[in-house]
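Summary of structural features
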Amino acid sequence: MLTLKQSRRLQSVLVGTLAWAVAALIFFPIFWMVLTSLKTELDAFATPPQFIFTPTLENYLHINERSDYFAYAWNSVLISFSATLLCMLIAVPAAYSMAFFETKRTKGTLLWMLSTKMLPPVGVLVPIYLLAKQFGLLDSRIALIVIYTLINLPIVVWMVYTYFKDIPGEILEAARLDGATTWQEIVRVLLPIARGGLASTMLLSLILCWNEAFWSLNLTSSAAAPLTALVASYSSPEGLFWAKLSAVSTLACAPILIFGWISQKQLVRGLSFGAVK
């Protein structure tokens, strides 16, 4: 019969094994994508798949020769970070008012905002395309920044609102008694306390902006096209070139994966914010 200590150790081993299995399952598509990017087109189409092959960088060289990767990457960085920053500038005051000055319409407003995410993007493509054309914003970064901000704003407001609700209102009341203005309450009291939650929200918004493909494909052509448009350009009527497509997908995913890995401490801290009172 197992002792309590042995039972806990066995449970820990089982949980750790399960966690590693889930992590391997999630990571496998990324691993396969990188592996395929190092193959020739002939090896990439081989059946059954070959795990032993001679690695080559010809796919990455082809991408560099065919298109300016850094121009697409710069568009992705500029659009994603600008949209995320604009989204946070709008969401923080909105969530502050809803969390600390709640009315009977607050919940309904939040649900209405979230319900806008249920609308398929193709349903509003024509009016948005015509508006962008009317204002001369086709193939421009400004159009994508505004659209990315609007489509991610409901989720960001919800997340920031949730984090703010976990902060005791007495802290802000104490700041008011000390003579703090509303702006000082937000900047000097609220934001430092909720910085973990805000960091995770910004990271999620950044990932959503980075991965958004529908609007970039329909509203840009070359000047403002981000990495999602570059990946889509490797799909041709002749078929899919798996090795080259994997290479360009690896280059498109690498920056956000590296950024997420660097920011993982803030992400974990933000997701666990308010879990322990």
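Residues numbered from 1 in each chain as written. Predicted model: local features only at pLDDT ≥ 70, side-chain atom pairs only at ≥ 80, totals over all residues. Heavy atoms only, no water.

The UniProt entry for the protein carries the following comment under Sequence similarities (unreviewed entry): "Belongs to the binding-protein-dependent transport system permease family. MalFG subfamily." (UniProt positions renumbered as here; feature names shortened; annotations may be inferred.)

**A look at the overall build of the protein**
When you go through the protein residue by residue, the secondary structure sums to 14 helices and two strands. For the protein, the proportion of its 277 residues judged to be buried stands at 35%. Considering only intrachain contacts with a sequence separation of at least 6, the fraction spanning at least 24 residues in the protein is 77%. As displayed, the protein offers around 17,000 Å² of accessible surface, 71% of which is attributable to carbon and sulfur atoms. One finds the centroid of the 19 positive side-chain charges in the protein at a distance of 11 Å from the centroid of its 14 negative side-chain charges. (Helix = DSSP H or I, 4+ residues; strand = E, 2+ residues; numbered from the N terminus. Buried < 20%, exposed > 50% of the residue type's maximum accessible area, 1.4 Å probe, protein only. Contact = heavy atoms within 4.5 Å. Areas by Shrake-Rupley, 256 points an atom, 1.4 Å probe, with all protein chains shown as cover. Lys, Arg positive; Asp, Glu negative; His and termini not counted. Charge placed at Lys NZ, Arg CZ, Asp CG, Glu CD.)

**A short note on the UniProt feature "transmembrane region" (unreviewed entry) in the protein**
The sites that carry the UniProt feature "transmembrane region" (unreviewed entry) are, in the present numbering, residues 12-35, 77-98, 110-130, 142-164, 185-208 and 241-262. Structurally, residues 142-164 comprises 100% helix and 0% strand, and the distance from its first C-alpha atom to its last is 30 Å. Taken end to end, residues 241-262 comprises 95% helix and 0% strand; its first and last C-alpha atoms sit 32 Å apart.

**Focus: the environment of isoleucine 256**
As for its position among the elements, isoleucine 256 is in helix 13 (residues 242-262). Considered as a pair, isoleucine 256 and valine 77 are 179 residues apart in the sequence and their alpha carbons are 9.4 Å apart. When residues no more than four places from it in sequence are discounted, the contact partners of isoleucine 256 are Leu206, Ile207 and Trp210.

**Some details on the layout of surface pockets**
Of the pockets and cavities examined, the largest pocket occupies roughly 530 Å³. Around the largest pocket, the lining comprises 19 residues; the ones closest to its centre are Thr116, Lys117, Ile147, Leu150 and Ile151. The set of elements that each furnish at least two residues to the lining of the largest pocket consists of helix 5 (106-115) and helix 7 (141-165). Counting residues per element, the lining of the largest pocket draws most heavily on helix 7, which supplies seven residues. Of the residues contributing to the lining of the largest pocket, the split by class is 15 nonpolar, two polar and two charged. (1 Å grid on protein atoms, 1.4 Å probe; cavity = no way out; pocket = protein on both sides within 12 Å on 5 of 7 lines; lining within 4 Å. Points joined across faces, edges and corners; volume = space filled by probe spheres on them. Nonpolar A, V, L, I, M, F, W, Y, C, P; charged D, E, K, R; others polar.)

**Considerations on the packing of helix 5 against helix 7**
When two helices pack together, their arrangement is given by the angle between the helix axes and the distance between those axes. Packing of helix 5 against helix 7 leaves a shortest axis separation of 8 Å and a crossing angle of 140°. The crossing of helix 5 and helix 7 is left-handed. Contact residues: Thr106, Lys107, Leu110, Leu111, Met113 and Leu114 in helix 5; Leu153, Pro154, Val157, Trp158 and Tyr161 in helix 7. Residues belonging to the contact of helix 5 with helix 7 are distributed by class as follows: nine nonpolar, one polar and one charged. (Axes fitted to C-alpha atoms, helices over the stretch in contact; angles between N-to-C directions. Left-handed = near helix turned anticlockwise from the far one by under 90°.)

**Concerning the pattern of salt bridges**
All chains considered together, the criterion is met by three salt bridges. Among the ionic pairs, glutamate 41 bridges to lysine 244, the shortest N-O distance being 3.6 Å. Taken together, the residues span a long stretch of sequence, with glutamate 41 in helix 2 (residues 41-44) and lysine 244 in helix 13 at a distance of 203 residues. (Salt bridge = Lys/Arg side-chain N within 4 Å of Asp/Glu carboxyl O.)

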